[in-house]
Amino acid sequence: MIFSIIGWILRIIYDLLNIYSFLIVIYTLLTWIPRLLVTKVGRVLGKIVEPYLEIFERFIPPIAGISFAPVVALLVIYFVNNYVLYWIANIIRYVFIR
């Protein structure tokens with residue numbers, strides 16, 4: 001029973017991180033056309049995505065006017081999705097099976 005609940009929670013986190021990654025990609029594409037950022041969709045995406053991207057923009061300055069913060073942000077999400085969640089599931093499995 002506990003395994004199904006934990007697996008369900010980890011799956012929800014996995015899916016939410018995938019959706020958030022998709023939102024980051026859409027927002028990054030919108031930044032190429034500044035007029036789209038002032039639309040309602042652009043403002044909503046900005047409120048959702050910019051706080052996370054600002055973490056990386058503090059440490060990674062733009063190079064030749066191109067920000068690599070979204071790339072690093074997506075790599076962090078990829079790492080969490082494919083490694084950290086997997087490790088958590090294995091640790092929980094090991095603790096409860098033992």
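All of these numbers come straight from a predicted model, not from anything done at the bench.

A few points about the packing of helix α3 (residues 40-59) against helix α4 (residues 69-97)
Viewed as axis vectors pointing N to C, α3 and α4 meet at an angle of 110°, and their least axial separation amounts to 9 Å. Looking at the two axes, α3 sits roughly perpendicular to α4. The crossing of α3 and α4 is right-handed. Contacts between α3 and α4 involve Tyr52, Leu53, Phe56 and Glu57 from the former and Ala69, Pro70, Val72, Ala73, Val76 and Ile77 from the latter. For the contact of α3 with α4, a count of residues per class yields nine nonpolar, no polar and one charged.

Remarks on the environment of Phe56
By the element assignment, Phe56 lies in helix α3. Along the backbone, Phe56 and Phe68 are twelve residues apart, and their C-alpha atoms lie at a distance of 8.6 Å.

Definitions and limits used
Per chain, residues are indexed from 1 in the order of the written sequence. Local features in this predicted model are restricted to residues of pLDDT 70 or higher, and side-chain atom pairs are both shown and tallied only at a pLDDT of 80 or more, whereas totals for entire chains, interfaces and linings draw on every residue. Derived side-chain values reflect all non-hydrogen atoms in the structure, with water molecules and hydrogen atoms excluded from consideration. Fitting a line to C-alpha atoms yields each axis, with helices limited to the stretch in contact; the angle taken between N-to-C directions then spans 0 to 180 degrees. Where helices and strands are cited, they refer to DSSP runs of H or I of at least four residues and of E of at least two residues respectively, numbered from the N terminus. Any angle that is under 35 degrees is reported as roughly parallel, and any over 145 degrees as roughly antiparallel; angles of 65 to 115 degrees are reported as roughly perpendicular and all others as oblique. Put simply, a crossing is left-handed when the front helix is turned counterclockwise from the back one by less than a right angle, and right-handed when it is turned clockwise. Any pair of residues with heavy atoms lying within 4.5 Å of one another is described as a contacting pair. Three classes are used: nonpolar for Ala, Val, Leu, Ile, Met, Phe, Trp, Tyr, Cys and Pro, charged for Asp, Glu, Lys and Arg, and polar for all others, with Gly counted as polar.

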